[in-house]
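One-letter residues, chain by chain:
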Amino acid sequence: MAENTGDTAAQGAGSGQISVEARISDLVRLGIIGLFAYWTIVLIAPFALIVIWSAILAVALFPIFQALCRLLGNRPVIAASIIVVFCLVLIIAPLALVAVNFADTAQVLIGKLRAGEFTLPSAPAAIREWPVVGERLHDAWNQIASDLAATIIKFQAPIREVTAVIVTKLASIGGGVLSFVVSIMLSGIFLTRSARLAAAIQVLANRIAGEKGVGFARLAGATVRNVSRGVIGVAFLQTLLCGLCFAFFGVPARGALTFVIFMFCLMQLGPGLVLLPVIIWSWFSWSPAAAFAFTAITVPIMLIDNILKPVLMARGLSTPMPVILIGVIGGTLSHGLLGLFLGPVVLSVFYELLKAWAWPSVQTASENGGPAKLDALPERIEHRQ
């Protein structure tokens with residue numbers, strides 16, 4: 001009896017020792033895996049933004065790539081090359097011109113602010129002839145111009161500190177354009193390997209979260225295409241039309257104005273915040289015929305997003321404006337020019353995934369008119385696409 005008790009105690013001690021050794025071994029393995037994971041993140045961190053934006057571009061351009069590949073007789077390399085060249089010509093060239101012009105204009109303005117030479121022009125004498133409000137508006141304009149000059153002189157030191165930060169951000173615009181070029185070229189490589197990459201992503205998503213993970217992956221892809229077409233695509237089209245209009249009519253500081261319009265369009269605020277003051281300025285500075293022609297062209301440009309967005313954006317994937325706004329501002333402040341595009345897409349994907357995970361029944365009921373479960377998410381996304 002005593003021997004049995006001793007054997008049991010020895011076995012218990014042995015099993016306890018084995019359990020401790022197993023736990024230590026597991027901790028060592030986890031530590032090694034964590035070390036390699038951290039080392040890998042450090043190595044790929046300088047290229048992470050470029051790779052992520054390349055993947056987003058590949059997902060957004062995949063329907064066009066698929067159609068072009070079928071048209072060319074199943075030649076994916078040629079189709080991807082055509083898309084890359086088209087994007088470089090259509091997107092990078094105007095973007096580079098606008099960004100460089102904006103940087104030059106901003107640096108001139110900052111130089112005047114630092115030197116205390118920035119002043120607003122005096123009110124045109126023609127305003128005095130306006131009935132009722134002409135005299136008051138003329139005096140108010142001149143008073144604001146004089147007060148602005150005095151305010152700049154008073155707060156010259158803080159203005160210099162702020163402008164130093166702005167100059168640093170402007171200096172990164174060239175690097176942002178270069179990163180954009182590399183991203184487009186890398187997205188072409190992703191497109192040629194799209195079948196393998198899609199299969200690998202589905203396998204990884206299935207390993208992480210099962211069938212729901214596959215549904216989340218499909219939802220992320222649908223959201224990327226939705227935001228790229230309905231937000232970035234429409235914003236780029238409106239900005240391109242505005243830039244061509246500014247160049248044709250010879251609007252001063254057109255590069256800076258075009259860049260600001262692009263940011264406002266990405267924020268879902270529309271180009272009207274810039275176009276309306278320019279239209280008013282044109283009626284004071286140009287002949288009535290030129291001002292009327294400029295107004296007749298720019299007004300439809302301001303309204304074109306109301307027609308295109310309902311057509312291009314998929315039903316049931318409407319991302320709220322505050323999410324897009326935070327993505328644009330946060331992406332620009334964090335990652336410069338590349339973050340201007342990357343921010344709204346990444347934040348929109350996160351919002352849609354969070355909504356599908358936290359409120360699947362509410363989302364499905366709002367889309368289909370009845371309750372459903374998250375298990376049906378892959379079928380819903382596939383049907384939506």
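Coordinates for the structure precede this section.
For the structure given in this document, a descriptive report is provided here. Just so you know, these numbers come straight off a predicted model, no measurement behind them.

**What to know about the overall build of the chain**
Helices and strands together make up the secondary structure of the chain, namely 13 helices and zero strands. Across the chain, helices and strands are ordered from the amino to the carboxyl terminus as α-α-α-α-α-α-α-α-α-α-α-α-α. Within the chain, the proportion of its 385 residues that are buried is 35%. Looking at the chain alone, contacts between residues at least 24 apart form 70% of all its contacts between residues at least 6 apart.

**Considerations on the packing of aromatic side chains**
Where two aromatic rings form a pair, the distance of their centres and the angle of their planes describe that pair. Taken as a whole and judged by the stated rule, the model has eight aromatic pairs. Where Phe36 meets Trp39, the ring centres are 6.5 Å apart and the plane angle is 35°; that geometry is what we call tilted. One end of the pair, Phe36, and the other, Trp39, are both in helix H1 (residues 2-71), three residues apart, so they sit about a helical turn from each other. For the ring pair Phe248 and Phe249, a centre distance of 5.2 Å and an interplane angle of 85° mean the geometry is edge-to-face. Among the aromatic residues, ring-to-ring pairing joins Phe246, Phe248, Phe249, Trp281, Trp286 and Phe294 into one connected group.

**A short note on the environment of Val346**
Relative to the helices and strands, Val346 is located in helix H11 (residues 321-358). With 290 residues separating them in the primary sequence, Val346 and Ile56 have C-alpha atoms 8.9 Å apart.

**Points about the nonpolar core**
Core analysis: the largest hydrophobic core is formed by 53 residues, its most contacted members being Trp53, Phe246, Leu266 and Phe294. Residues within four places of Phe294 in sequence aside, it is in contact with Cys245, Phe246, Phe249, Val251, Val278, Ile279, Ser282 and Trp286.

**Examining the state of the cysteines**
For the structure on display, the rule yields zero disulfides. Lacking any disulfide linkage, Cys245 is separated from the closest cysteine sulfur, that of Cys242, by 7.1 Å. Residue Cys245 is classed as buried on the basis of its relative accessible area, which comes to 6%.

**Focus on the packing of helix H8 (residues 272-285) against helix H9 (residues 288-303)**
H9 packs onto H8 with a crossing angle of 170° between their chain directions and a minimal axis gap of 9 Å. Judged by the angle between their axes, H8 and H9 are roughly antiparallel. The segment H8 lies against H9, with Gly272, Leu275, Leu276, Val278, Ile279, Ser282 and Trp283 engaging Pro288, Ala291, Phe292, Phe294, Thr295, Thr298, Val299 and Met302. Looking at the contact of H8 with H9 residue by residue, the classes come out as eleven nonpolar, four polar and no charged.

Calculation rules
- Residues numbered from 1 in each chain as written.
- Predicted model: local features only at pLDDT ≥ 70, side-chain atom pairs only at ≥ 80, totals over all residues.
- Heavy atoms only, no water.
- Helix = DSSP H or I, 4+ residues; strand = E, 2+ residues; numbered from the N terminus.
- Buried < 20%, exposed > 50% of the residue type's maximum accessible area, 1.4 Å probe, protein only.
- Contact = heavy atoms within 4.5 Å.
- Phe/Tyr/Trp six-rings, centres within 6.5 Å; stacked < 30°, edge-to-face > 60°.
- Core = buried A, V, L, I, M, F, W, Y, C linked by side-chain atoms within 4.5 Å.
- Disulfide = S-S within 2.5 Å.
- Axes fitted to C-alpha atoms, helices over the stretch in contact; angles between N-to-C directions.
- Parallel < 35°, antiparallel > 145°, perpendicular 65-115°, else oblique.
- Nonpolar A, V, L, I, M, F, W, Y, C, P; charged D, E, K, R; others polar.

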